[in-house]
Amino acid sequence: MAKSDWVDLQQDSDTGIETIRAHFDGHAYDPHWHDSYLVGVTEQGVQQFHCRRSRHSSTPGRLVLVEPGEVHDGHAATDAGFTYSMLYLSPQWLDNELRHQSDAAPATLYPGFNSTLADDPSLAIQIHRSIDALRHQPWRIMRDTALDTLVQGLLPHIGWKPRQLSQPHRPAIAARARDYLHAHIEQDISLHELADACGVDRFRLSRTFKTAYGLAPHAYLVQLRLNQARKRLAAGQLPIDVAHQLGFSDQSHLGRWFRRAYRLTPAQYRRQCLTGSQSH
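Residues numbered from 1 in each chain as written. Predicted model: local features only at pLDDT ≥ 70, side-chain atom pairs only at ≥ 80, totals over all residues. Heavy atoms only, no water.

Engineer: Would you explain the overall build of the protein chain in this entry?
Structural biologist: In terms of regular secondary structure, the protein chain is built from 10 helices and 12 strands. Relative to a compact globule of 280 residues, whose C-alpha radius of gyration would be 19 Å, the protein chain shows 19 Å and is just as compact. Dimensions of the protein chain, computed from C-alpha atoms along their principal axes, come out at roughly 55 × 45 × 40 Å. Burial status across the protein chain gives 50% buried among its 280 residues. Residue pairs in contact within the protein chain that sit at least 24 positions apart in sequence constitute 71% of those at least 6 positions apart. With an accessible surface of roughly 13400 Å², the protein chain has 51% of that area assigned to carbon and sulfur atoms. (Helix = DSSP H or I, 4+ residues; strand = E, 2+ residues; numbered from the N terminus. Rg over C-alpha atoms; globule rule 2.2 N^0.38 Å. Buried < 20%, exposed > 50% of the residue type's maximum accessible area, 1.4 Å probe, protein only. Contact = heavy atoms within 4.5 Å. Areas by Shrake-Rupley, 256 points an atom, 1.4 Å probe, with all protein chains shown as cover.)

Engineer: I would appreciate a short explanation of the pairing of strand S6 (residues 54-58) in the present structure.
Structural biologist: For strand S5 (residues 47-51) and S6, the ladder comprises 5 bridges, and the chain directions are antiparallel. Residue pairing for S6: Gln47 is matched across the bridge by Ser58. The antiparallel pairing of S5 with S6 creates a hairpin that spans 2 residues between the two strands, and Arg52 there sits at a positive phi of about 55°. (Pairing = 2+ DSSP bridges.)

Engineer: What should I look at first to understand the sheet that holds strand S9 (residues 82-89) in this one?
Structural biologist: One key point about sheets: their strands pair by backbone hydrogen bonds, in either a parallel or an antiparallel sense. Taken together, 6 strands build an open sheet; the order of strands is S1-S2-S9-S4-S7-S11 and the sheet is antiparallel. The open sheet terminates on both sides in strands that have one partner only, identified here as strand S1 (6-11) and strand S11 (117-118). Direction of pairing for strand S4 (residues 37-45) relative to S9: antiparallel, over a ladder of 8 bridges. Paired with Gly45 across the strands is Phe82, a residue of S9. Strand contacts of helix H2 (residues 121-136): S1, strand S2 (18-24), S4, strand S7 (63-66) and S9, with the helix running at about 70° to S9, the strand carrying the most contacts. (Axes fitted to C-alpha atoms, helices over the stretch in contact; angles between N-to-C directions.)

Engineer: Sorry if this is basic, but what is going on with the packing of aromatic side chains here?
Structural biologist: Remark: the centre distance and the inter-plane angle together describe each pair of aromatic rings, the angle taken between the planes. Going through the model one piece at a time under the given rule, you end up with 10 aromatic pairs. Judged by centre distance (5.6 Å) and plane angle (85°), the ring pair of Tyr37 and Phe113 falls under edge-to-face. Taken together, the residues span a long stretch of sequence, with Tyr37 in strand S4 and Phe113 in strand S10 (residues 109-113) at a distance of 76 residues. The class of Phe113 is buried, set by a relative accessible area of 1%. Taken together, Phe24, Tyr29, Phe82 and Tyr84 form an aromatic cluster joined through their ring pairs. (Phe/Tyr/Trp six-rings, centres within 6.5 Å; stacked < 30°, edge-to-face > 60°.)

Engineer: Can you walk me through the sheet that holds strand S3 (residues 27-32) in this structure?
Structural biologist: If you trace the 4 strands from one edge of the open sheet to the other, you get S3-S8-S5-S6, paired in antiparallel fashion. Both edges of this open sheet fall to S3 and S6, since each of them pairs with a single strand only. Taken over all neighbouring pairs, the strand axes of this sheet differ in orientation by 20° on average, direction set aside.

Engineer: I'm lost on helix H1 (residues 91-101) in this one. Help?
Structural biologist: Residues Trp93, Leu94, Asp95, Glu97 and Leu98 constitute the buried set of H1. Residues of H1 that are buried sit in contact with S4, S9, S10, helix H3 (140-154) and strand S12 (158-162).

Engineer: What exactly am I supposed to notice about helix H6 (residues 202-213) here?
Structural biologist: In an α-helix, one full turn covers 3.6 residues, which means residues spaced three or four apart are oriented alike. Its 12 residues give H6 an end-to-end C-alpha distance of 16 Å, which sits within 8% of 16 Å, the value for a rise of 1.5 Å per residue. Regarding H6, its N-cap is Asp201, as a side-chain oxygen of that residue lies 3.0 Å from the backbone nitrogen of Phe203 further along. One or two steps after H6, the chain reaches Gly214, where phi turns positive at roughly 80°. (Expected span 1.5 Å × (residues − 1). Polar contact = N/O pair within 3.5 Å; in protein donor to acceptor, adjacent residues only side chain to side chain.)

Keep in mind these values describe shape, not function.
If you want it as structure tokens, here you go:
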């Protein structure tokens, strides 16, 4: 990280919601994905990133909305850098809250964002208020009220989508490979082994998988392990133990990948999550 870059992250122990404020003057993040919904607002500068096969440029006051599993990166588009605030909402939490507040939520569908960038000054204010409440408000009823208002503000930006996306966006080969990677996350899987499990050659598998998920199989496996690492570190596990559990060669190996994706070391992430959990 450049000397002027900074990341301030906390996790709320009651909801599991992570809040982040960060500033970057140049490169911010390599392509990666989260298993959370990202709801944020650009505060300063031009926040540029790729998502949904398009390049986006977010300016101050604009909303950034990213679904779980959507590959994205990040960098500053100008020399002034960019600053942003973001909420990381778990799929279970957001789905439950939306269904409590909306009678139009079909049981067989899941919530998705209508667009990656949006202009909604009222919701931008509520994002800031929710982050402030999660970080500084000691009364649960006040935090709950702020989050209820946030969810209400999100409703116009939500579109309900089928849980199983149709062909050809998620071909059966790619879906089978993805399921195999999830089931064998801790194992040293070869591309040949993965291709055999899917009944195709490894070249076709790699092309099909990258088209479907935006990452090659090996890169997807790294992101899958990193997302699991976040959960285990936030729960208090030590980086050395997490590295061993998830197939990294050692703690340094985990650290190199973790910093590329999140611009924090595993130890920094663990400490910030635990510090935030103890603040209430």
